[in-house]
Amino acid sequence: MVMWLWLNFMGGAGLVEKRKKVYRRLLWGLLAGGIIGLCLYVFFFFYRRIPDEIRLNVQETQQFDWGLPVSASFGGTSVYENSEAQGKEIHVNMAKPFSLWGKAEGNFVMRCRLFGVIPLKTVAVSVQPRQYVTPGGIPIGIYLHTNGVLAIGTSPVTAFDGADLEPARNIIRSGDYIEAVNGQTIGEKDALVEAVAACGGESLVLGVRRDGEEMELKVTPVLCADGSYRLGIWVRDNTQGIGTLTYVDASHHFGALGHGINDIDTSTLMEIDGGSVYEAEILSIVKGEKGTPGELMGMISYERSRKRGIIECNTTAGIYGTAEKTLLAACESEPVEVGLKQDIEIGPASIRCCLDGTYREYGIQITEIRLSGDSVNKGIIFQVTDEALLDATGGVIQGMSGAPVFQNGRIVGAVTHVFVNDPTKGYGIFIENMLVQ
């Protein structure tokens, strides 16, 4: 009996010791995980504080004051502090205010190290001439034609015998662009409908572009009770809407919206085969409220005499094309200097838009500047402070995308999005990000 109690005691002591070891390991693991997490947080905090790209004006000094424990080295077309150091390897201490001087047009890189040791980021630096553009702020009607027939989705069709069949299921995907039928190029949905109607029940080979990859997919149409053949594919070949012109440059190239046009059903950036901008008139305003974005309601005139330009590309930073002289004249503005990211300050600014047939600037307050981020369209965060704009729209509403943002006499950005839960707040894109396209 005594022996049993002694063994039981020893066994219990051993179990306690094992548990202590497990707890110690767990605590050490949590501590190590916490340290790693803290290090990653610090790393990415400073990573996001440094822009992915810096643009400099040629033969000018640009001032920076980031206050970061980061050192950088670079050489080439730009120098640190003064023009006498050109051609040498330059080292920058970002903990203190510093300046860069653009010697000549060109591109180079700046390598940044956290605490002077840990590789943090490589920044692309470009030196370009000072730029000027004519700011917009006017509403424009937008018409885009897709590059191929856009498949929105598939659905069942009722065959002549009453059976529900879905011939394109698991073959055609939402977001596919149908470019050809049996080797014949098509560009509009009517051409696709005609090809299906004339198939005689034979399988069709569809030339499809999916995520940039070309492929051929075979689909057999269904004979319906009315004698027609159908593929059961919902398609679209164009889109229309109202937005705001941001600028026209000296070469009559324009930029608008500050963000790309996504298909409403697939939520993907539309791949286009051109388009046009037309004169548009704002007829009414739906005010924005918490949880419900407002909207500019207008009328687009699609007559040839009301055409104002040609759309050539649709990108994540906006739509671009060539303006007709009538579009430039409608801006009713003289060219202004382009402000770079480093020129923007927290504080008062303005946006220009047209609500009632007249173009005017409305006061805003820039509250945050994001030099680096995943979204190209959200570098500027602002709040509408102008009572006239708040009374008219409630803040930022749909249709205002592309409205130019001004500060200190320069155009520095464009309105892109609204805070859904607070329409008085919005996002903007840096104008230099629009000009890069």
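Since the model is a prediction, treat every value here as computed from it, not as a measurement.

### Examining the overall build of the protein chain
Step number 1: Assigned secondary structure in the protein chain consists of five helices and 31 strands.
Step number 2: A compact globule built from 437 residues would reach a C-alpha radius of gyration of about 22 Å, whereas the protein chain, at 29 Å, exceeds it by more than 25%.
Step number 3: On the principal axes, the C-alpha backbone points of the protein chain span a range of 95 × 80 × 50 Å.
Step number 4: Buried residues in the protein chain amount to 45% of all 437 residues.
Step number 5: A separation of at least 24 residues holds for 67% of the contacts in the protein chain among residues at least 6 apart in sequence.
Step number 6: Carbon and sulfur atoms make up 53% of the accessible area of the protein chain, which totals about 22300 Å².
Step number 7: Looking at the protein chain, you have 38 positive and 50 negative side-chain charges, and the mean spots of the two groups are 13 Å apart.

### Details of a nonpolar patch on the surface
Step number 1: Together, Leu 26, Leu 27 and Leu 30 give the surface a local cluster of nonpolar side chains, amounting to about 330 Å² of exposed area.
Step number 2: Within the secondary structure, Leu 26 sits in helix α1 (residues 2–49).

### Overview of the sheet that holds strand β27 (residues 359–369)
Step number 1: Spatial strand order, β26-β27-β28-β31-β30-β29: six strands in a closed barrel with antiparallel pairing. Each strand axis lies, on average, 45° off the axis of its neighbour in the sheet, ignoring direction.
Step number 2: Both strand β30 (residues 410–419) and strand β31 (residues 422–430) contribute to a ladder of six bridges, which runs antiparallel. Bridging across to β31, Phe 419 finds its partner in Asp 422.

### Details of the environment of Phe 160
Step number 1: Along the chain, Phe 160 turns up in the loop between β11 (157–158) and β12 (164–165).
Step number 2: Since its relative accessible area comes to 58%, Phe 160 is described here as exposed.
Step number 3: Considered as a pair, Phe 160 and Val 376 are 216 residues apart in the sequence and their alpha carbons are 51 Å apart.
Step number 4: Ignoring any residue separated from it by four or fewer positions in sequence, one finds Phe 160 in contact with Leu 223, Cys 224 and Ala 225.

### Remarks on the pattern of salt bridges
If charged atoms from side chains of opposite charge come close, those side chains can pair.
Step number 1: In the structure shown here, the tally under the stated rule is 16 salt bridges.
Step number 2: Glu 179 is the salt-bridge partner of Arg 209, the closest N and O atoms lying 2.4 Å from each other. Of this pair, Arg 209 sits in strand β15 (residues 204–210) while Glu 179 sits in strand β13 (residues 177–181), placing them 30 residues apart in sequence.
Step number 3: Arg 410 is paired through a salt bridge with Glu 337; the nearest N and O atoms lie 3.1 Å apart. Within this pair, whereas Arg 410 is found in strand β30, its partner Glu 337 is found in strand β25 (residues 336–337), the two being separated by 73 residues in sequence.
Step number 4: Here Glu 337 falls in the buried class, since its relative accessible area comes to 17%.

### Considerations on unusual backbone geometry
Among all residues save glycine, negative phi is the norm, and among peptide bonds the norm is trans.
Step number 1: Of note, Asn 182 is a non-glycine position whose phi angle comes to about 50°, a positive value.
Step number 2: Along the chain, Asn 182 turns up in the loop between β13 and β14 (184–185).
Step number 3: Positive phi, normally seen in glycine, also occurs at Asp 211, with a value near 55°.
Step number 4: Mapping Asp 211 onto the fold places it in the loop between β15 and β16 (213–219).
Step number 5: Note on Asp 211: relative accessible area 78%, which makes it exposed.

### Observations regarding the side chain of Lys 121
Step number 1: Within the secondary structure, Lys 121 sits in strand β8 (residues 118–128).
Step number 2: Given a relative accessible area of 7%, Lys 121 falls into the buried group.
Step number 3: At a separation of 3.1 Å, a polar atom in the side chain of Lys 121 contacts the main-chain carbonyl oxygen of Tyr 47.
Step number 4: Look past the residues within four positions of Lys 121 in its chain and what remains in contact with it is Tyr 47, Ile 50, Pro 51, Asp 52, Met 110, Arg 111, Cys 112 and Ser 372.

Basis of the calculations
Once a new chain begins, its residue numbering starts again from 1 and follows that chain's sequence as written. Totals for whole chains, interfaces and linings use all residues, but because this is a predicted model, local features are given only for residues with pLDDT of at least 70 and pairs of side-chain atoms are given and counted only at 80 or more. Water and hydrogen atoms were dropped before computing side-chain values, which therefore reflect all heavy atoms in the structure. The secondary structure listing takes helices from DSSP runs of H or I that are at least 4 residues long and strands from runs of E that are at least 2 residues long, numbered from the N terminus. Just to be clear, the radius of gyration here is over C-alpha atoms, and the globule rule we use is 2.2 Å times residues to the power 0.38. Throughout, exposure labels follow a simple rule: accessible area from a 1.4 Å probe, protein chains only, divided by the maximum for the residue type, with under 20% read as buried, over 50% as exposed, and the rest as partly exposed. Contact definition: two residues touch when any of their heavy atoms are within 4.5 Å. Each accessible area is a Shrake-Rupley result for a 1.4 Å probe, and residues are judged covered by the shown protein chains and nothing else. The convention is simple: Lys and Arg are positive, Asp and Glu are negative, and His and the chain ends are not counted. Think of each charge as sitting on NZ of Lys, CZ of Arg, CG of Asp or CD of Glu. To count toward a patch, a residue needs a relative accessible area above 30% and no salt bridge. Like charges then connect within 9 Å, nonpolar side chains (Val, Leu, Ile, Met, Phe, Trp, Tyr) within 5 Å. Salt bridges are identified by distance alone: a Lys or Arg side-chain nitrogen within 4 Å of an Asp or Glu carboxyl oxygen. Strand pairing requires that DSSP identify at least two bridges connecting the strands. The convention used is that axes are lines fitted to C-alpha atoms, helices contributing only their stretch in contact, and that angles between N-to-C directions extend from 0 to 180 degrees. The term polar contact refers here to a pair of N or O atoms within 3.5 Å; inside protein, the definition further demands a hydrogen-donor-capable atom paired with an acceptor-capable atom, and it admits residues adjacent in sequence only when both atoms are side-chain atoms.

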